[in-house]
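Residue strings, one per chain:
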Amino acid sequence: METSKQDKKVIIIGGGPAGLTAAYELNKHGIRSEVFEKDDIVGGISRTVNYKGYRFDIGGHRFFTKVKVVQDMWDEVLENEFLLRDRLSRIYYKRKFFSYPFEVKNAVFGLGIFNSMTIVLSYLKAQIFPIKPENTFEHWITNRFGYRLYKIFFKTYTEKVWGIPCSQISSEWAAQRIRGLSLFSALKNALLKQPAANKDVIKTLINSFHYPKLGPGMMWEKVRELVEQGLSTVHINSGVDKIYWEDGKIVSIFSGNKQSVQGTDFISSMPIRELIAKLDPAVPKEIIEASKKLNYRDFITVALIIDKKDIFKDNWIYIHDPAVNVGRIQNFKNWSPFMVPDPKKTCLGLEYFCFEDDNFWSMSDEKLIELAKEELQVLGFATKSQIIDGTVVRMPKAYPVYDDEYKAALNTVKGFLANISNLQLVGRNGMHKYNNQDHSMLTSILAVRNILGANYELWNVNADQDYHEEIKDRELVSSELSQISYTQPMTPGEFPMHKSKDSLIDKAIIRAFSRLDKFAFATAVGIASFLFVFSATLFLVIKGSPEIVNSMLLLNNYFIGYDISIKGAFIGGGYSLLWGFIFGWLFAYIRNLSLGFVIYREKRKLQAQSLKDLLDYL
Ligand SMILES: Cc1cc2nc3c(=O)[nH]c(=O)nc-3n(C[C@H](O)[C@H](O)[C@H](O)COP(=O)(O)OP(=O)(O)OC[C@H]3O[C@@H](n4cnc5c(N)ncnc54)[C@H](O)[C@@H]3O)c2cc1C
């Protein structure tokens, strides 16, 4: 029997963007919900920490989305508290800044004559003798940039982020990271020149982003406030410890504050591995084993307050120097001037990537702050005496890891959970997916619609790259914008964009860019020429005026034996068939050749562009 809206109560696990968006949507539809959040603050990874009035994020959080429902919710919640900020994020190496997106020219000039020469030589070597087979991330980048550039600009940072030597990361992973390449979009954009206004929008989106005045946490604290004014209760400090299920349904949850709460529907944004461990009665052993194969990379931010007005003008910088452990440094007042209480001071977030069971994670706060101070001094940004205060935030499970085992393990767990009919998984760790805020929010919006009777496949959000490509193409976005939109959600069925108009254009372009079959085209031209000359001659035999007959007889210079007679019609037709075939064949050949050239050029341009943006995906 269907439960009416009034009788429904949805239990939401996690008070991050996904969990709170679910509560927000349910509230709009008049459905009660209870959110259980294990920390003492909402926002999850998208929280903003407030330390003595200095605000900082867990990694900077840009707000960018192509999905209207998500953008609408952001605008509705924060109204005019959103800032549009310019993006600047360079690479810092050997006390020098290098542009990012990556520019070979800039790198070569910045590194001096000797280094530049070795870079050029190693690049040439890679072009002439590429590594084969191309098995690892190291091979993949070396083949495209040369070993020297790989070593300076990719190796150290990638290894800091993932904690795995590049020689052990598969080349497939690198290729996946930059699958934003869409040759089709590039060709289309080259053909259908973007109107100026459209170009401006694209440029703006690449170089700027939206950001709440007081950081992303401002968004999620406001959502909490709004849902609590409605039909939702948000329990903080309330980790879910047990999830009771029977007969293919979740019945209730048990939270740390000793309450058992029943619900009709359940939405979980907690890490899948933990969800499985908390199901009671315990699930089959092979499911538990599979869930243990889902791994995470953890993250520490050491925020340092420095008695210095200006340090660097970037929002964040990538630290490629192997001499220090820090991977990235955020300058929060460059995200929003409202993030610091005193404009004469600066708050930097030094980001360390680690595993929950390594030495870094278990180091005391004091030691971490000391290390961060030391490294900031080594990098030349501040002396230790200028650093007046600091604090540490540890964020477990910041990145779901895509290793060799995760896909099969995830499929096993997904298969099992699909049998629990009133449970939906949403968000980033909730689905073990590299989801951004907007992907995470979209999964929750769709989950609520499912509770209302729709039938969305949440796993399709941010999943199928080819489908995603199609959507981008429909939007007439430039290849540059595609690089950003690669990290953005796909929008299942309900939110298609410009579908009919673009699919017509797409079809026309596909037709225009298809290779011509030389034989078929030549035969067609030959037959058309035959028919034309044959019927024109016959017509003149029956009813020809002397002037036209004389002009037509000029053909006689080329078609030996041709005259205005029935026999001549066959002779002229025969010659036309032959010459038509030859011309048709040559035309198709030249056209295919030039088409190949255009496609090759666009592909190279696109590859260069996407390689420039690679760090954003690492
Ligand atoms: C360094 C970094 C930079 C990022 N930058 C961006 C960016 O620029 N733009 C962007 O859009 N996105 C960015 N993201 C991604 C963004 O942070 C996530 O997409 C988003 O926070 C996911 O929301 P979520 O609710 O699914 O998960 P989370 O934010 O992880 O929230 C899940 C919540 O569940 C709670 N929880 C866990 N277990 C339990 C339990 N047992 N009981 C109760 N509660 C529990 C957690 O405490 C947490 O609050 C970034 C992520 C990282 C790591």
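Not measured: the values here are computed from a predicted model.

### Structural notes on the overall build of the protein
Reasoning step 1: Within the protein one finds 23 helices and 20 strands.
Reasoning step 2: Within the protein, buried positions represent 51% of all 618 residues.
Reasoning step 3: Counted over contacts in the protein with a minimum sequence separation of 6, partners at least 24 positions apart contribute 75%.
Reasoning step 4: Total accessible area computed for the protein in this model is approximately 28900 Å², and 57% of it derives from carbon and sulfur atoms.

### Section: the site of the ligand
Reasoning step 1: Around the ligand there are 37 residues in total, and Glu-37, Ser-46, His-61, Arg-62 and Asn-435 lie nearest to it.
Reasoning step 2: Taking Arg-428, its main chain carries an N or O atom lying 2.9 Å from an oxygen atom of the ligand.
Reasoning step 3: In this structure, an oxygen atom belonging to the ligand sits 2.7 Å away from a main-chain N or O atom of Asn-435.
Reasoning step 4: Of all the secondary-structure elements, those providing two or more residues to the shell around the ligand are helix H1 (17-28), helix H11 (272-278), strand E19 (387-400) and helix H17 (437-451).
Reasoning step 5: The class makeup of the residues in the shell around the ligand is twelve nonpolar, 17 polar and eight charged.

### What to know about unusual backbone geometry
Reasoning step 1: Put simply, Lys-132 and Pro-133 share a cis peptide bond, and its omega is -5 degrees.
Reasoning step 2: Following the sequence through the fold, Pro-133 ends up in the loop between helix H4 (112-128) and helix H5 (137-145).
Reasoning step 3: Here the residue pair Asp-280 and Pro-281 is connected by a cis peptide bond, since its omega of 5 degrees sits within 30 degrees of zero.
Reasoning step 4: With respect to the helices, strands and loops of the structure, Pro-281 is situated in the loop between strand E14 (279-280) and helix H12 (285-292).
Reasoning step 5: Non-glycine residue Asp-247 carries a positive phi angle of around 50 degrees.
Reasoning step 6: A positive phi angle is found at His-432, which is not glycine, with a value near 50 degrees.
Reasoning step 7: Tracing the chain through its elements places His-432 in the loop between strand E20 (423-425) and H17.

### Topic: a nonpolar patch on the surface
Reasoning step 1: On the surface, a cluster of nonpolar side chains totalling about 900 Å² of accessible area is made up of Leu-578, Trp-579, Ile-582, Phe-583, Trp-585, Leu-586, Tyr-589, Ile-590 and Leu-593.
Reasoning step 2: By the secondary structure assignment, Ile-590 is in helix H23 (residues 566-612).

### Points about the packing of helix H21 (residues 518-543) against helix H22 (residues 546-553)
Reasoning step 1: The N-to-C vectors of H21 and H22 enclose an angle of 145 degrees; their axes lie 11 Å apart at closest approach. Helix-helix and strand crossings are classified by hand; for H21 and H22 the assignment is left-handed. The segment H21 lies against H22, with Val-533, Ala-536, Thr-537 and Leu-540 engaging Ile-548, Val-549 and Met-552.
Reasoning step 2: The residue inventory of the contact of H21 with H22, partitioned by class, reads six nonpolar, one polar and no charged.

### Description of the nonpolar core
Reasoning step 1: With 68 residues, the main nonpolar core has Trp-220, Ile-243, Ile-253, Leu-279 and Leu-417 as its most contacted residues.
Reasoning step 2: Sort the elements by how many residues they give to this core and H17 lands first, with seven residues.
Reasoning step 3: Ignoring any residue separated from it by four or fewer positions in sequence, one finds Leu-279 in contact with Ile-243, Trp-245, Ile-250, Phe-416 and Leu-417.
Reasoning step 4: In terms of nonpolar packing, the next biggest core, distinct from the first, is built from 46 residues, Tyr-54, Leu-149, Phe-209 and Met-395 among them.

### Some points on the confidence of the model for the protein
Reading predicted coordinates in detail is not appropriate for stretches of low pLDDT.
Reasoning step 1: Confidence along the protein averages 84 in pLDDT terms, with 82% of residues attaining 70 or more.
Reasoning step 2: Low pLDDT, under 50, characterises residues 179-183; the predicted model gives this stretch 21 contacts beyond four residues in sequence or across chains.

### Section: the sheet that holds E19
Reasoning step 1: Taking strand neighbours across the sheet as the criterion, the seven strands line up as E7-E6-E16-E17-E18-E15-E19 in an open arrangement whose pairing is mixed. Here the strands that pair on one side only, and so sit at the sheet edges, are strand E7 (96-98) and E19. Shown here is a sheet whose adjacent strand axes are inclined to one another by a mean of 25 degrees, direction ignored.
Reasoning step 2: Looking at chain direction, strand E6 (residues 91-93) and E7 are connected through three bridges and run antiparallel. For Tyr-93, the partnering residue across the bridge sits in E7 and is Lys-96.
Reasoning step 3: In this fold helix H6 (residues 147-162) packs onto E6, E7, strand E15 (296-306), strand E16 (316-319), strand E17 (328-331), strand E18 (346-354) and E19, with an angle of close to 105 degrees to the strand it touches most, E15.

### Section: the sheet that holds E14
Reasoning step 1: The strand order across the open sheet formed by four strands is E12-E11-E10-E14, and the pairing between neighbours is mixed. In this open sheet, the two strands that pair with only one neighbour each are strand E12 (259-262) and E14.

### Things to note about H17
Reasoning step 1: With 15 residues, H17 ought to run about 21 Å at 1.5 Å a step, and its terminal C-alpha atoms sit 21 Å apart, in line with that.
Reasoning step 2: Burial runs high along H17: 15 of the 15 residues are buried.
Reasoning step 3: Positioned one or two residues after H17, Gly-453 has a phi angle of 120 degrees, which is positive.

### Some points on the side chain of Thr-65
Reasoning step 1: Among the structural elements, Thr-65 can be located in the loop between strand E4 (54-57) and helix H2 (68-78).
Reasoning step 2: One polar contact links the side chain of Thr-65 to the main-chain amide nitrogen of Val-67, over a distance of 3.0 Å.
Reasoning step 3: One polar contact links Thr-65 to Asp-438, side chain to side chain, over a distance of 2.9 Å.

### A look at the environment of Asn-334
Reasoning step 1: If you trace the backbone, Asn-334 turns up in helix H13 (residues 332-335).
Reasoning step 2: Here Asn-334 falls in the buried class, since its relative accessible area comes to 18%.
Reasoning step 3: Along the chain, Asn-334 and Thr-346 lie twelve residues apart, while their C-alpha atoms are 9.4 Å from each other.
Reasoning step 4: Apart from residues no more than four positions distant in its own chain, Asn-334 is found in contact with Arg-85, Phe-312, Lys-313, Asp-314 and Asn-315.

### Here's the deal with the pairing of strand E2 (residues 32-36)
Two faces make up the sheet, and in a regular strand the side chains alternate between them.
Reasoning step 1: Buried residues dominate E2, accounting for four of its five residues.
Reasoning step 2: Note: strand E1 (residues 9-13) against E2, five bridges, orientation parallel. Bridged to Val-10 within E2 is Ser-33.
Reasoning step 3: Taken together, E1, H1 and E2 form a β-α-β motif whose crossover is right-handed.

### Let's talk about the packing of aromatic side chains
Reasoning step 1: One pass over the structure, following the stated rule, counts 35 aromatic pairs.
Reasoning step 2: Considering the side-chain rings of Phe-63 and Trp-74, the 4.8 Å spacing of their centres and the 65 degrees angle between planes classify their relative orientation as edge-to-face. Taken as a pair, Phe-63 in the loop between E4 and H2 and Trp-74 in helix H2 lie far apart in primary sequence, eleven residues in all.
Reasoning step 3: What makes Trp-74 buried here is its relative accessible area of 1%.
Reasoning step 4: When the ring of Phe-559 is compared with that of Tyr-575, the centres are 5.0 Å apart and the planes differ by 10 degrees; the resulting orientation is stacked.

Procedures and definitions
- Residues numbered from 1 in each chain as written.
- Predicted model: local features only at pLDDT ≥ 70, side-chain atom pairs only at ≥ 80, totals over all residues.
- Heavy atoms only, no water.
- Helix = DSSP H or I, 4+ residues; strand = E, 2+ residues; numbered from the N terminus.
- Buried < 20%, exposed > 50% of the residue type's maximum accessible area, 1.4 Å probe, protein only.
- Contact = heavy atoms within 4.5 Å.
- Areas by Shrake-Rupley, 256 points an atom, 1.4 Å probe, with all protein chains shown as cover.
- Near = heavy atom within 4 Å.
- Polar contact = N/O pair within 3.5 Å; in protein donor to acceptor, adjacent residues only side chain to side chain.
- Nonpolar A, V, L, I, M, F, W, Y, C, P; charged D, E, K, R; others polar.
- Patch = residues over 30% accessible without salt bridge, like charges linked within 9 Å, V, L, I, M, F, W, Y side chains within 5 Å.
- Salt bridge = Lys/Arg side-chain N within 4 Å of Asp/Glu carboxyl O.
- Axes fitted to C-alpha atoms, helices over the stretch in contact; angles between N-to-C directions.
- Left-handed = near helix turned anticlockwise from the far one by under 90°.
- Core = buried A, V, L, I, M, F, W, Y, C linked by side-chain atoms within 4.5 Å.
- pLDDT = per-residue confidence, 0-100.
- Pairing = 2+ DSSP bridges.
- Expected span 1.5 Å × (residues − 1).
- Right-handed = clockwise from strand over helix to strand, strands pointing away.
- Phe/Tyr/Trp six-rings, centres within 6.5 Å; stacked < 30°, edge-to-face > 60°.

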